[in-house]
Amino acid sequence: MSDYIREAIITGVWETFVMTFFASLFSYAVGMPLGVLLYATSKGRLLENRPVNFIIGAIVNITRSLPFLILLVLLIPFTRFIVGQSIGTTAAIVPLTIGAIPIVARMVESSLNEVQPGIIEAATSMGASPLYTILHFIIPEATPSLLQGGAINVATVLGYSAMAGVIGGGGLGAIALQYGYYSYQKDVLFTTVALLIIMVMLIQEIGIWMSKKHRKT
Amino acid sequence: MENVYELKNVYKTYKNDGKEFTALKDVSLTINEGEIFGIIGMSGAGKSTLVRTLNRLEEVSSGTVNFYGDDLAALKPKELREVRHSISMIFQGFNLINQRTVIQNVEQSLKIIGTPRNIRREKAKQMLEIVGLLEKANEYPARLSGGQKQRVAIARALAVDPKVLLCDEATSALDPKITGEILDLLKKINEERKLTIVIITHEMSVVEKICDRVAIIDDGTLAEIGDVKEVFSNPRSKAAKKLVFPSNPFDPSDENGQLVRIVFDGTQSNVPFIANLVEETGLKVNILSANTRSVGGIGYGQMIIELPESEKDRKTVIDFFRKGGLSVSEVNRYE
């Protein structure tokens, strides 16, 4: 493996890290409130609201069912509008974020659904407002589950980031594609795959560790 | 004495897949300030629904629930939240936040009413002291036993100085010994703070131990209401009799034998009246069942006896018991 490729791999790791980090961050910034809204507006919940739940649910389902590769291409004009370019690491963060938002939203919703209804009843009986109940009872109680879901989501974003290589997103995926696939350099291909696996495992382990640290039951 | 609650003709109907289910039918009752009011019934009788109408966790379908004169149904969301600050509730499942420490759980109710942080901590400590769990302040609920969790829930409920404490099967998940301790604690709080307590239970022993008055709910209706002593010594409704007197283990010797129930309280318990009966009248009776229980510190006994065959002898026996101050009622053997 030449020094040039070795350097490219190091840059790739960094780019993958940057893409995963920011895409995860932004997708949680939007997906978390959406997930809370999905949860709170569903039947029998604090802010039950059929139309709102239906509309958000439909948008989430549609974006979630699009294959990520298609979404990447589909979002090129939007990406150009947001960051001024459609290739490169920064540009890849846009479709990654959009692609991860619905996944995050559903994951958050399912974590919140695990919270015992009794705790919500207790909060309501104490005269807590719905918003207070969500912020101070439901989310704290769901934190271990949210962290665990978070690890899965970040690992998914990392996987997606490799796909971003296809449209010039940089990162390990681009290297695997460029050197490993198009020019048959098996060692490069295996190295990048191994690095991706290690990164996913690290994320999982950190997520599980944090979740365990938080879980008091 | 002021009325804390006044319920008038309360109905509650659930609609599910087009089917209607009436959980409460025409329930009217009042709960007085400072008393421990029991609501007892078999599971599914509607008692949990009833207690939830008292803080509007359940909306009534018709009728009114007045809390210190205010119709709960008329309150706007914000007003309702204000009122709920003075109606605390504890639950069968404790419902503590498991990811927060004991003291953080107690502080939660104070946080909701906007108590400043430093006062909150102090107050929470005082409450934990009252329920005897101050040394567990920084533990997480998972490390506590069921009885301790309920004590934390009580501390959380009382921290806001409520006017009423609603207990929804609060001791049903606990063993008899711990149940006794929790009931003693509730009694103590009732006496020291003059706190009105409403207790929902399916256990007769809970009502016997601490309630002043009791309402018996049967199939969504109010079957009977009155002083616990009164209801226990002289239950009138079928539901009350079923709860107070367990079914008879023995059949009478004669198919058509006449059965009566005699009830006596502590003041007569030192009189050997069956022996006296035989001695004075020469008539014999067959005892089919007998038991005693303590209600509010007074011993009560009851017996089911089979009377002699002849009409005249039966009258003699009944007169004898009545003269001795015992309450005598006829019993249907399948009751």
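Predicted model, so just to flag it, every value in this text is computed and none were measured.

## Considering the packing of helix 4 (residues 76-83) of chain A against helix 5 (residues 89-113) of chain A
Residue and element names in this part refer to chain A.
Step number 1: Where helix 4 meets helix 5, the closest approach of the two axes is 9 Å, and the angle between their N-to-C directions is 120°. Taken together, helix 4 and helix 5 sit at an angle that is classed as oblique. When the axes of helix 4 and helix 5 are compared, the crossing they make is right-handed. Seen from helix 4, the contacting residues are Phe-78, Thr-79, Ile-82 and Val-83; seen from helix 5, they are Thr-90, Ala-91, Val-94, Pro-95 and Ile-98.

## Quick word on the confidence of the model for chain A
Step number 1: Here chain A averages 91 in pLDDT, and 100% of its residues register 70 or above.
Step number 2: Looking at the elements of chain A, mean pLDDT is at its lowest for helix 8 (residues 171-182) of chain A, recorded as 84, and at its highest for helix 6 (residues 117-125) of chain A, recorded as 95.

## Section: the pairing of strand 1 (residues 3-16) of chain B
Step number 1: With 10 bridges connecting them, strand 1 of chain B and strand 2 (residues 19-32) of chain B associate as antiparallel partners. Paired with B:Lys12 across the strands is B:Leu24, a residue of strand 2 of chain B.

## Section: the sheet that holds strand 4 (residues 62-67) of chain B
Step number 1: In space, the four strands of this open sheet follow the order 2-1-4-5 (chain B), with antiparallel pairing throughout. The sheet is open, and its two edges are formed by strand 2 and strand 5 (70-71) of chain B, each paired on a single side.

## Thoughts on the packing of aromatic side chains
Step number 1: Under the criterion given, the structure shown has 12 aromatic pairs over all chains.
Step number 2: Arranged with centres 5.8 Å apart and planes meeting at 90°, the rings of B:Phe273 and B:Phe321 form a pair that is edge-to-face. With B:Phe273 in helix 10 (residues 273-281) and B:Phe321 in helix 11 (residues 311-323), this pair connects stretches of sequence that are 48 residues apart.
Step number 3: Both rings, one in B:Phe320 and one in B:Phe321, keep their centres 5.9 Å apart while their planes meet at 65°; by these two values the pair is edge-to-face.
Step number 4: Under the relative-accessibility criterion, B:Phe321 is labelled buried at 1%.
Step number 5: Put simply, the rings of A:Trp14, A:Phe17, A:Phe21, A:Phe22 and A:Phe26 pair up and form one aromatic cluster.
Step number 6: It is B:Lys163 that lies over the ring of B:Tyr68; its NZ or CZ is 5.2 Å from the centre.

## Things to note about helix 7 (residues 130-163) of chain A
Step number 1: Under the 1.5 Å per step criterion, the end-to-end length of helix 7 of chain A is only 40 Å for 34 residues, more than 12% shorter than the ideal 50 Å.
Step number 2: Of all the bends in helix 7 of chain A, the largest measures some 60° and sits at A:Thr143, one to four residues before the proline A:Pro144.

## Considering the state of the cysteines
Step number 1: Under the defined criterion, the tally for this structure stands at zero disulfides over all chains.
Step number 2: Among the cysteines around B:Cys167, which has no disulfide bond, B:Cys211 carries the closest sulfur, lying 9.1 Å off.

## Side note on the sheet that holds strand 12 (residues 286-295) of chain B
All names here are of chain B.
Step number 1: Strand order in the open sheet formed by four strands is 12-13-11-14, with antiparallel pairing between adjacent strands. What marks the edges here is a single partner per strand, and that holds for strand 12 and strand 14 (327-331). Neighbour-to-neighbour, the strand axes of this sheet turn through a mean angle of 20°, independent of strand direction.
Step number 2: Its contacts with the sheet place helix 11 against strand 11 (259-265), strand 13 (298-306) and strand 14, and it is angled at close to 145° to strand 14.

## A closer look at the interface of chain B and chain A
Step number 1: Facing the 22 residues of chain B at the interface are 21 residues of chain A.
Step number 2: Interface of chain B and chain A: buried area, both sides summed, is about 2000 Å²; carbon and sulfur atoms make up 59% of it.
Step number 3: Considering only the side of chain B, the residues that lose the most area to chain A are B:Arg81, B:Gln99 and B:Ile112, jointly responsible for 30% of the buried surface there.
Step number 4: Scanning the region where chain B abuts chain A turns up one salt bridge.
Step number 5: The residue A:Glu121 makes a salt bridge to B:Arg52 at a minimum N-O spacing of 2.5 Å.
Step number 6: Counting every contact that joins chain B to chain A gives six residue pairs in polar contact (both at pLDDT 80 or more).
Step number 7: Contributing elements (two or more residues each) for the side of chain B that touches chain A: helix 2 (77-84), strand 6 (87-91) and helix 3 (102-112) of chain B.
Step number 8: Examining the composition of the side of chain B that touches chain A, we find that four residues originate from one element, helix 3 of chain B, more than from any other.

## Digging into helix 6 (residues 176-193) of chain B
Residue and element names in this part refer to chain B.
Step number 1: With 18 residues, helix 6 ought to run about 26 Å at 1.5 Å a step, and its terminal C-alpha atoms sit 25 Å apart, in line with that.
Step number 2: Within the sequence span of helix 6, burial applies to Thr-179, Gly-180, Ile-182, Leu-183, Leu-185, Leu-186, Ile-189 and Asn-190.
Step number 3: Next to the buried residues of helix 6 lie strand 3 (36-40), helix 4 (117-130), helix 5 (146-158), strand 7 (164-168), strand 8 (196-201) and helix 7 (204-210).
Step number 4: Phi turns positive one or two residues past the end of helix 6, at Lys-194, with a value near 55°.

Reading the values: the criteria
Residues numbered from 1 in each chain as written. Chains lettered and ligands numbered in written order. Predicted model: local features only at pLDDT ≥ 70, side-chain atom pairs only at ≥ 80, totals over all residues. Heavy atoms only, no water. Axes fitted to C-alpha atoms, helices over the stretch in contact; angles between N-to-C directions. Helix = DSSP H or I, 4+ residues; strand = E, 2+ residues; numbered from the N terminus. Parallel < 35°, antiparallel > 145°, perpendicular 65-115°, else oblique. Left-handed = near helix turned anticlockwise from the far one by under 90°. Contact = heavy atoms within 4.5 Å. pLDDT = per-residue confidence, 0-100. Pairing = 2+ DSSP bridges. Phe/Tyr/Trp six-rings, centres within 6.5 Å; stacked < 30°, edge-to-face > 60°. Buried < 20%, exposed > 50% of the residue type's maximum accessible area, 1.4 Å probe, protein only. Lys NZ or Arg CZ within 6 Å of the ring centre and 35° of its normal. Expected span 1.5 Å × (residues − 1). Bend = angle between axes of the 7 residues up to and from the residue. Disulfide = S-S within 2.5 Å. Buried area = accessible area lost by both parts, 1.4 Å probe. Salt bridge = Lys/Arg side-chain N within 4 Å of Asp/Glu carboxyl O. Polar contact = N/O pair within 3.5 Å; in protein donor to acceptor, adjacent residues only side chain to side chain.

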